[in-house]
Amino acid sequence: MSDKATAVAPANIAFIKYWGIRDSDQTLPYNASISMTLTACVSRCTVELLPEGPGELEVLVRTDGILAPAPPGFSRGIERHLLRLKTWAGIRGTFRVATENSFPTGAGLASSASGFAALTLAAAAALGRPLKSRELSILARSSGSGSAARSAFGGYVEWPDDKGEGSARQLAEASHWALSDVVAVVSSAPKEVSSREGHRRAPGSQFFARRLERLGEKLRRVRAAIAERDIGDLGSILEEEALELHLIAMSSRPPIFYWTAGTIAVLRSVRRLREGGLAAYATIDAGPNVHVICPSDEEVGVAAALRELNEVESVIVDRVGNGPFLTEDHLV
Ligand code: PMV
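Rules used throughout
- Every chain begins its residue count from 1, and numbering advances along the sequence as written.
- Confidence filtering applies because this is a predicted model: local features only for residues at pLDDT of at least 70, side-chain atom pairs given and counted only at 80 or more, and all residues used for totals across whole chains, interfaces and linings.
- Working from all heavy atoms in the structure, the side-chain values ignore hydrogens and water.
- Patch membership requires over 30% relative accessible area and the absence of a salt bridge. Like charges are linked within 9 Å, and nonpolar side chains (Val, Leu, Ile, Met, Phe, Trp, Tyr) within 5 Å.
- Only the protein chains shown count as covering a residue, and every accessible area follows the Shrake-Rupley method with a 1.4 Å probe.
- For this analysis, a salt bridge means a side-chain nitrogen from Lys or Arg found within 4 Å of a carboxyl oxygen belonging to Asp or Glu.
- Only four residue types enter the charge count, namely Lys and Arg as positive and Asp and Glu as negative; His and the chain termini do not.
- Taken as the charge location is NZ of Lys, CZ of Arg, CG of Asp or CD of Glu.
- Each helix is a run of DSSP H or I of at least 4 residues and each strand a run of E of at least 2, with the numbering of both proceeding from the N terminus.
- Only protein chains enter the accessibility calculation, which uses a 1.4 Å probe. A residue is then buried if its area is under 20% of the maximum for its type, exposed if over 50%, and partly exposed in between.
- Any pair of residues with heavy atoms lying within 4.5 Å of one another is described as a contacting pair.
- Residue ranges for the domains trace back to a domain assignment, done automatically or taken from a database.
- Accessible surface is computed with a 1.4 Å probe, and the buried area is the amount of it that two parts give up when combined, taken over both parts together.
- Throughout this description, a polar contact denotes any pair of N or O atoms lying within 3.5 Å of each other; where both atoms belong to protein, one of them has to be capable of donating a hydrogen while the other can accept it, and for residues adjacent in sequence the pair is counted only when both atoms sit in side chains.
- In this classification, Asp, Glu, Lys and Arg are treated as charged, Ala, Val, Leu, Ile, Met, Phe, Trp, Tyr, Cys and Pro as nonpolar, and every other residue, Gly included, as polar.
- Pairing between strands is defined by DSSP: at least two bridges between the two strands are required.

1. Things to note about a positive patch on the surface
On the surface, R76, R80, R84 and R196 cluster together to form a positively charged patch. The residue R76 is located in helix 1 (residues 72-89) in this model.

2. Brief notes about the side chain of T263
By the element assignment, T263 lies in helix 7 (residues 261-275). When its relative accessible area of 0% is taken as the criterion, T263 is described as buried. Ignoring any residue separated from it by four or fewer positions in sequence, one finds T263 in contact with V186, I284, P288 and V290.

3. Some points on the pattern of salt bridges
Enumeration according to the criterion identifies 22 salt bridges in this entry. One salt bridge connects E241 with R211, and the closest N-O pair in it is separated by 2.6 Å. Placement of the pair is E241 in helix 6 (residues 231-250) and R211 in helix 5 (residues 208-228), with a sequence separation of 30 residues. For the pair shown, E241 and R211 are each scored as buried. For the salt bridge of K218 with E244, the shortest nitrogen-to-oxygen distance reads 3.1 Å. In this pair, K218 sits in helix 5 while E244 sits in helix 6, placing the two residues 26 residues apart along the sequence. Looking at K218, the relative accessible area reads 5%, which means it is buried. Several salt bridges share partner residues, and in doing so they unite R211, R214, K218, E240, E241 and E244 into one network.

4. So, the domain arrangement of the chain
Each domain of the chain was delimited in the assignment, giving domain 1 (3-175) and domain 2 (178-319). The interface is formed by 34 residues belonging to domain 1 together with 47 residues belonging to domain 2. Both faces considered, domain 1 and domain 2 share a buried interface measuring about 3300 Å² in area, 68% of it formed by carbon and sulfur atoms. For the domain 1 face of the interface with domain 2, the top three residues by lost area are F15, K17 and W19, together amounting to 27%. Inspection of the region where domain 1 meets domain 2 yields 2 salt bridges. Linking R223 and E158 is a salt bridge whose minimum nitrogen-to-oxygen distance equals 2.7 Å. Our enumeration of links across domain 1 and domain 2 arrives at 12 residue pairs in polar contact (both at pLDDT 80 or more). In terms of residue count, strand 4 (residues 33-50) provides more of the side of domain 1 that touches domain 2 than any other element does, 7 residues in total. Here the residues of the side of domain 1 that touches domain 2 are counted per class, giving 21 nonpolar, 10 polar and 3 charged.

5. Remarks on the pairing of strand 4
Within strand 4, 14 of the 18 residues are buried, which leaves it mostly tucked inside the rest of the structure. Judged from the 12 bridges that link them, strand 1 (residues 3-16) and strand 4 form a sheet pairing that is antiparallel. Considered in strand 4, the bridge of V8 is made with R44. The pairing of strand 4 with strand 8 (residues 156-159) spans 4 bridges and is antiparallel. For I34, the partnering residue across the bridge sits in strand 8 and is E158. In terms of strand pairing, strand 4 meets strand 7 (residues 94-101) through 8 bridges, oriented antiparallel. The residue bridging C45 from the neighbouring strand is T99, located in strand 7.

So, in structure tokens, the structure goes:
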């Protein structure tokens, strides 16, 4: 018997950030987060369940159309998650996995969220247990990438901090509001400090408790801004949020500096774009690259301005999208 399944899952960009892990065994956050699911930045993953035997897990990565064995560090996270999924399904066997990202890996572009959401959806299908979005959210999160919980849904998504099962939920479908995420890539090199480590250090910042106190109001405003399609209100909060995440990171012990000179050049440029009348607002995850959120009818102007900057290596134009799906378009 051989069962093969392929899933495509998108990255997401957080408007309200998940930063700080309350329960690292269960991957549960200190605070609720809200994001937009993307459409161009995706991971594709094929999982094949092989017959019982002595075989080892094989993990292949496809880059520029070429399949090659994955580096050991990359395979370990996949192996741990597949073990968890086999226990959940009560099925034995070994796997062959092939994976591909449409964007740079490990550079603060949420490759772990899309990667683990795709792996979870494909592996569960290969194990004969296709998942609903809510189950996918819970299982993908158990990989250790909390933001993968949000990639289980399309559109606008909240991952609450309640004491429940830890599933994210959809706030609005993608069709509710056409927003774009124009990513200015200032470095595609993998980051030096993982977000896992950033989450662990966050509560050591003297500003962490204060952030949590004020977050309820910000969450309410972001939910309202999404419901009312108010880019001005959403934009001012998401910029504040990005600065706050990095304030916490820079005041953690030891401090973490994700920004480069290029990051600041892009932030300045976004301010100039606003002065010129574009509704463009910047947010930054755990890396140096800047995500510029704007109404989709302004994405061409925003992308053109960002491409002009010497500090920008490349620009990725992405939009709100519909979430993960299974496909017959296998990688192997
Ligand atoms: O899911 P993780 O552990 O990779 O953490 C993601 C953290 C941020 O991207 C910085 C914020 C977020 O909410 O996506």
